[in-house]
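Inside the fold
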Amino acid sequence: MIALKIPEVKNFMNQLLCAETFDNFLLQEAVIQKDITWTVDGRLHTDYYNKEELEELSLTDLSFLPFGKVRSYCFDLIKGKRAPSYFKFVFLLSPANLTRTVEQTHTSFHAGDVSAMFLNLKFQSGELILTTGVSYRIFSADKSLEHEWDRMVKLFLKNHEITCEEL
């Protein structure tokens, strides 16, 4: 796990809310605090859709909604003359991206060993901090997957021209 400070908040917010940069991540939770606190539970209610809609929207086998499906709602909650006093977004890799990512790391782990790979964004007191995390289904003292995930996140940010400083 690493913590990264994002010094260029405006650029990052444009990437988050106005571009497709984070659209393929699953949104587990969003909390946005302005004059009131808005809490978004990203849990997908599959019974809301019929089978064809789930397939058409590429939602089959997902537990959480892709951020791209709710990004505009989050943008509407955040936009305005004043920045939120606080927000938090918890993103997960989709099952397909988790499997691909674990395979690309060339560690001893298998996708079945991992329950989630996280990106946590927190804006508070004018600072934006991104932390990474890996949740396992097994016990392991081996941190190689976490180190590879951290490296991949830093590369993802670099590829999207998002500046970060490791804390």
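For the structure, check the block above.
We now turn to the structure provided with this report. A quick note: this is a predicted structure, and the numbers were derived from the prediction, not measured.

1. Here we look at the sheet that holds strand β7 (residues 165-166)
Strand order in this open sheet of seven strands is β3-β2-β4-β5-β6-β1-β7, and the pairing throughout is antiparallel. Of all strands in the sheet, those bounded by a partner on one side alone are β3 (37-41) and β7.

2. Thoughts on the pairing of strand β4 (residues 86-92)
On any regular strand, side chains alternate: one points to one face of the sheet, the next to the other face. With six of its seven residues buried, β4 lies for the most part within the structure. In this structure, strand β2 (residues 26-33) lies alongside β4, joined through seven bridges in antiparallel fashion. Bridge pairing in β4 links Leu27 to Phe91. One ladder, built from seven bridges, connects β4 with strand β5 (residues 114-124); its direction is antiparallel. Directly across from Phe89, in β5, lies its bridge partner Leu121.

3. Examining the pairing of β2
As paired strands, β2 and β3 are joined by five bridges and run antiparallel to one another. Bridged to Ala30 within β3 is Val40. Linking two consecutive strands that pair antiparallel, namely β2 and β3, is a turn of three residues.

The rules behind each value
- Residues numbered from 1 in each chain as written.
- Predicted model: local features only at pLDDT ≥ 70, side-chain atom pairs only at ≥ 80, totals over all residues.
- Heavy atoms only, no water.
- Pairing = 2+ DSSP bridges.
- Helix = DSSP H or I, 4+ residues; strand = E, 2+ residues; numbered from the N terminus.
- Buried < 20%, exposed > 50% of the residue type's maximum accessible area, 1.4 Å probe, protein only.

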